[in-house]
Structure formats: structure tokens, C-alpha cells
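Read off the chains here:
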Amino acid sequence: MSKPQPLNHTREQITSLDNELLALLAKRRELSLDVARSKEVDVRPIRDTIREKELLSRLVKQGREQGLDAHYVISLYQSIIEDSVLNQQAYLHGRANPETQQQQYCIAYLGARGSYSYLAASRYCNRRQVEMQDLGCQSFDEIVQAVESGHADYGFLPIENTSSGSINEVYDVLQHTSLAIVGETTIEVGHCLLANSGSNIADIKTVYAHPQPISQCSRYLSQRSEFKLEYCSSSAEAMEKVCNANDSSVAAIGSAEGGALYQLEAIETDLANQKVNQSRFIVVARKAVEVPSQLPAKCTLIMATGQKPGALVEALLVLKARNLNMSKLESRPIPGTPWEEMFYLDIDANLSSEPMQAALKELERTTRFIKVLGCYPCETVKPTQLSNSQLMIEPNTSKSTAVAATTSNKQQRFSKQYKSEATQVVCGQLDLGNGNIGALAQMQLPIDLLQFEQMAKELKEAGFQAVAIQGLSQQSDVINSIDKFKHALAQFNLVCVLVIEHETDLTMATQFADVVMLSGNLMYNQAILIQLGSLLVPVIVERNTMASVDDLLNAAEIILGQGNQQLILCESGVTTLNNSGKPSLDLAALVELKALSHLPILVNPSYAIESEQMPTFVRAIRQLKGDGVMVNLSAIEHASKADTAELINKILSSLYQSH
Ligand SMILES: O=C(O)C(=O)C[C@]1(C(=O)O)C=C[C@@H](O)C=C1
């Protein structure tokens, strides 16, 4: 082999090529703005997926001739096109709203320079070629006040995260503000371990971080038990602490971009549990904006439907009748009015479009309260994919099947395309799915037999069909006790569900249970999922508080693939950025799961919802076609037995009345 040229020389050549690439990308960006100018005149939509497909298949072919892998070319160009679409959108939106075209925006955001909110705001300004004057705030209320009072032009509020779900506090703030939503932006949240220059991973002893990144990186941190964790109020504060400490044994969790502002280096990257970890922010301003018809638009509404059974479904049918897609549904309690809630809806439509105007008129007639929070350009650019024939890939290569798996549900056993009729799971008195609803009570061990028997009797009388027993590892002489508990339940025709919370519970549960339930903390454990897939008894899989709907469906796929078709999914709430420490009930996930899958879906509101509000939520769950509820008895226990019984009654009558 001939001697290669010196490394420096090769690197210089790469640097010069990279410079050329950047100059070409900037030139391409300029040209895409010319396209936007033409589209403004012709009033044509920004997105032209036929053109994108032509362009991608030509580039794949040319790339292959030069030895470049098709997937590499496609992913590069998907990013380039996303950038082109978002720039064109920002340009046309600015033209339609000339008052927004300023030299500088003053932006109120959470935390300080370097926080994820700061990065989202700078990205927003960069895209609009506007200088950013930043106003760091301590709370969401402070952000809203800064905009309302005119101290800031725009406020940035994080609304949801792909791993931790919706941010309830922001929804609560939106109920009371006169501000309008004028935009949205999504950023990749790439958590890194940031340390002072020259620090080594082996030296790190203390890690500063906000609780959210800590929970989003729990897997990485559990492998680094030597780290002492110090909680901070924001990622910016964590970075500042490390920067000021001037010590090589401390690090912070934050973004590489944010860390650079504090002269910190990323010594480890990709710390998050989830591969895709993104946060979506909404942009609020004093004045609403108009979205030109060529841009994909989103409307956010809040509404209260009243307590009539079926009221929410009726409202949603108004949207369905006009072919309006609802991309998000959230519910929040209305302060001061127990049992009632406010619904937040994102609809993929322009406020000025005819179907949206007609739907609003009808909703105004049928709801008690309805307000449009804003209409703004949708910033989600769904990547254009090529079919296998366009890719010219053999159908069985591993990469092509990976693409097929993410783009189509056809072959997936959980999906409606695979099985069109709804699955019904029957076990004793418990009958769930395909129009049948179930009520399960959840009991925590340790408990003594007499007390257990008494409770079983009362639960049967109240209308439950099954009891889920958790805390197996807490009960002394567990085998003997479970045997007795099971007999006690059988006496009242109650189904015995045993909850697996630790790997060691598996044998016990599979040996004794009528139905086995996998607790959300073990949802990612493939070995257990495989074992549950080979059981002959029904299985309930609870969604992990950090899991996406896709993750839950992937777990379902593993079980179904092993043969067990008696599967029920359970939504018990997801972790969000709220400070209450409670998970948030993800009713949008219920709607999504019902749309995607034939499997029955149970909802357990006990962890997320105050006990008094449970009847209202149970009604909502039924209206959204949930197949049953699980109620944790310790969550609804009141001082007096009579109050607890009354609450249970209310919960179950909400469940059955809406039937
Ligand atoms: O050709 C267009 O119509 C463009 O807007 C440019 C472009 C691109 O960047 O290549 C961007 C968006 C369209 O969906 C297709 C292509």
C-alpha cells in the first residue's frame, strides 16, 4: 500500500470542501426564497411533494452512481428540504403580516441564555433574520405578563416533549391570557454532559441538572451511579454553576449549543433515554396573525362542553363531519368548578377556511365556552419518503424493512389494518373491548386477609369485575397469601389481576393470576414481554410514564408476535414538565391508540387526577371510547368510609352512564 498523504493535508482538503458545501447550501436557500416569491404571486402551496419525489429519486440514482448510499442521500435531502420549506413559510408569513417585520424581537422565555427555551427562541429569530433581544423569566406567568405589558414582543412557552408529554402548567396559563398563539417551533433536545475544558469523564463526581433532563436521561444516569446529582431550577443555571466552579470534577446536563455559551465542552452526548427527544414551543403575542392560504396552518381552541353524556364526542363529530383533523386533545380542570374540564384542541386547518368557520359556528351553538387561542403556520414538515421501487432497493434488505416499518402499519399485528374488528378480552366477569367496558380496582399490598375479604365484597357490590393486586414483594409469606386472596376474589366472582413490578414477581404472577399486568416501569423489558407473549392468560401492559404511543405499541407487537392475542393496553399518565410531581393523563394518546389499534384500552386516572375530579375524567375517557378504567383504591381513600364509597359510586356511574 502506498503511503497516504499527511493527515493535515487531507484535513485541509476536507475543510475546503466543507466550505464549498456550506456556500452551496446558502445559495440553495436563497433560491428557495425565490421560489417562495413566485409562489406568493401564483398563490401556490409551499409544499410540492411530487417535485420532492422527483428530486429525491434523481438524487438517489446519481448518488448511487458515485458510491453514496440511498438512505444517506435521502436523510441529507430531507433536512435540506425541511429547511427550505420552513424558510419559505417564514418568508410568506412575514409578507402576510407586515407588522411582524421588525429589525429586532424582544423575546420572553424561561430560564437564562443557553436554556432550551432560549435555543428555540434564537432558532425562531434566525429563521426570520431578526435580531433577538432576550428576556429570561422565572416562570410561565412572568413570560405571559412580559408580553401582555408590552415589555416583550413574543413569549416562548414549552407545550410538549416527545418523552415527557404535555406541560399542563402552560395549558393552565393559556386559559387566562388575552394573548394569541402566533407560531410554534420544535427543537431537538440533545442532552449532553457538559464540563469545563480539559475535564475527563473519569474525573466527574457531581452533575448539576434540571429534574426534566434527569428523568429524560435516567437510563444513562443509572449506569453512572458514582455521579452525585444536584438539582437546579433550569439547565442554564446548571451550566452556569459548572462554569463558575472552575473545577474538573463537576458537569451539567444541557445542550451542546447552550454549553458553548458558557465555554463548556460536551464530554458525552446523546444521553436521553429516547432516541427522538424533541420539545415543541408555542409563540404568543398580543395580536393574532393571519396565515396565508399556501401555508399549512394549525388552530388551537379551548372549549367546555358541559356535562351532558356524549357532549365531547358530539363536538368532535362536528370536526369529523368537515374532515378537519384534530392533531391534539388535552383536558384540564376548570379552577373553582369541580367535575368540569376545559378541552384544548389543535386542528390542522386555517381559521379563515370555510370548513373551520362552519365548524366554529356549530361548536358555538353546542358548547358552553369556546375560544380560538390562535391560528399559526404548522412547523412540522413530514419527510417525503420514496417507495422501494423508487429507491430501487430489494424488498428484503434490513434498511428497507426499517423504513417500511416506520411508514406503514400494515404488517403490524396491533394495527387496524392487520385486524379490522376490535379485540374483545374476556376473563370471568371481566369483558373488555369491542363495545364492552370493564372496571378494575387496584389494591396495594401488604394487607391482611380479613380486610382483603371485606374490601373484595364491597368492590363487587360497587360494580367492579376485577382486582389488580400490586406490591407482591411487600407481602410476607406471599405464596400462601396470594393463594388465599385469589380464593377470596373467586368467592365474589372477581377476577384476580397480579401486577408485575419487579422481574422477581414474574413467576408468582404467571402461576396464580387470572390476568397478568405488566407495570409501566418494565414496559421496555423485552425478555418479560416475550414471556408474557407465550402465556395463555390475558395480559395488561401499562404505558411507561416516559414512553411514546409508538413505544407502547412496539411492546404490544412483541407480545402479539409470540402468540398471546388476549392483550389490553393501559394508559396511566406520562411525565411532564409540571411541578406537581404527578404524571399527566394523556387523553390524546387514548384517541391515537383507538385510531391505530384494535386492542382494548384501559385508562388509570388515579396517579394523574385528583380523586374528586375522577368521575369527570372517567366520563371523558368513555366519551373518547376508552374500554375501561382502573381505579387505585389508595388514591381515592377519604377520611370516612362513606365518602370513599360515594366517590366510587360516582366514578362507576360515570363509567356506565356514558355507556
Ligand atoms: O420547488 C419547489 O416548489 C420548492 O419549494 C423547493 C423545494 C426544495 O427545496 O427543493 C422545497 C419545497 C417543495 O416541497 C419542493 C421543493
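Residues numbered from 1 in each chain as written. Predicted model: local features only at pLDDT ≥ 70, side-chain atom pairs only at ≥ 80, totals over all residues.

Definition in use: UniProt positions are given in the numbering used here, feature names are shortened, and annotations may be inferred rather than shown by experiment.
Taking an unreviewed UniProt entry as the reference, the protein chain is identified by name as Chorismate mutase belonging to Shewanella halifaxensis. Quoted verbatim from the Pathway (unreviewed entry) heading of the UniProt record, the comment on the protein chain is "Amino-acid biosynthesis; L-phenylalanine biosynthesis; phenylpyruvate from prephenate: step 1/1."

1. With respect to the overall build of the protein chain
Worth spelling out the cut-off: Secondary structure is summarised from DSSP: a helix means a run of H or I of at least four residues, a strand means a run of E of at least two, and numbering begins at the N terminus for each. Exposure criterion: with C-beta atoms placed from backbone coordinates, a residue whose C-beta has 20 or more other C-beta atoms within 10 Å is buried, one with 12 or fewer is exposed, and one in between is partly exposed. Throughout, a residue-residue contact means that the two C-beta atoms, derived from backbone geometry, are no farther apart than 7 Å.
Summing up its helical and strand segments, the protein chain has 23 helices and 25 strands in all. When each of the 659 residues of the protein chain is scored for burial, the buried share is 41%. Look at the contacts in the protein chain between residues 6 or more apart in sequence, and 73% of them connect residues 24 or more apart.

2. Comments concerning the site of the ligand
Applicable threshold: Placing a C-beta atom from the backbone of each residue, we mark the residue near a molecule or strand if the atom is within 6 Å of it. We call Asp, Glu, Lys and Arg charged. Ala, Val, Leu, Ile, Met, Phe, Trp, Tyr, Cys and Pro are nonpolar, and the rest, Gly among them, are polar.
As a structural note, the neighbourhood of the ligand is formed by Ser32, Val35, Arg47, Asp48, Arg51, Glu52, Leu55, Ile81, Ser84, Val85 and Gln88. Mapped by element, the contributors of at least two residues to the shell around the ligand are helix H1 (7-42), helix H2 (49-65) and helix H3 (70-96). In terms of residue count, the dominant contributor to the shell around the ligand is H3 (four residues). Among the residues forming the shell around the ligand, the class breakdown is four nonpolar, three polar and four charged.

3. Overview of the sheet that holds strand S20 (residues 495-500)
As a reminder, the rule being used: Being paired, for any two strands, means DSSP has found at least two bridges between them. Here the axes come from fitting lines to C-alpha atoms, over the contacting stretch only for helices, and the angles between their N-to-C directions go from 0 to 180 degrees.
Pairing is parallel in the closed barrel, where eight strands are placed in the order S18-S19-S20-S21-S22-S23-S24-S25. Neighbour-to-neighbour, the strand axes of this sheet turn through a mean angle of 25 degrees, independent of strand direction. For S20 and strand S21 (residues 515-518), the ladder comprises four bridges, and the chain directions are parallel. What sits directly across from valine 497, in S21, is valine 515.

4. Considering helix H19 (residues 549-561)
Under the convention used in this document: What a helix should span is 1.5 Å times the count of its residues minus one.
The terminal C-alpha atoms of H19, which comprises 13 residues, lie 18 Å apart, in line with the 18 Å expected from a rise of 1.5 Å per residue. Three or more residues of H19 are buried, namely Leu552, Leu553, Ala555, Ala556, Glu557, Ile559 and Leu560. Packed against the buried residues of H19 are helix H18 (526-533), strand S22 (539-542), strand S23 (567-571) and helix H20 (587-596). Directly after H19, the chain includes glycine 563, whose backbone phi takes a positive value near 125 degrees.

5. Quick word on helix H11 (residues 311-321)
Defined as follows: Note: the arc covers the axis-to-C-beta directions of the helix.
Those residues of H11 lying buried are Ala311, Leu312, Ala315 and Leu319. Within H11, the buried residues cover an arc of 110 degrees as seen down the axis, which keeps them to one side. For H11, the exposed residues set more than 90 degrees away from the buried face come down to Lys320 and Ala321. Lining the buried residues of H11 we find strand S12 (297-304), strand S13 (326-333), strand S14 (341-347), helix H12 (354-366) and helix H21 (614-623). Residue asparagine 323 follows H11 closely and has a positive phi angle near 60 degrees.

6. As for the sheet that holds S14
Strand pairing in a sheet is mediated by backbone hydrogen bonds. Such pairs are either parallel or antiparallel. On the basis of which strands lie adjacent, the open sheet formed by four strands has the order S13-S14-S12-S15 and antiparallel pairing. In this open sheet, the two strands that pair with only one neighbour each are S13 and strand S15 (369-377). Averaged over all pairs of adjacent strands, the angle between strand axes in this sheet comes to 15 degrees, irrespective of strand direction. With five bridges joining them, S12 and S14 adopt antiparallel strand pairing. Along S14, the bridge assignment pairs threonine 300 with aspartate 346.

7. Quick look at the environment of cysteine 192
Note on placement: cysteine 192 falls in strand S6 (residues 192-196). Accessibility expressed as a C-beta count within 10 Å gives 25 for cysteine 192, which makes it buried. Residues cysteine 192 and glutamate 257 lie 65 residues apart in sequence; the distance between their C-alpha atoms is 9.8 Å.

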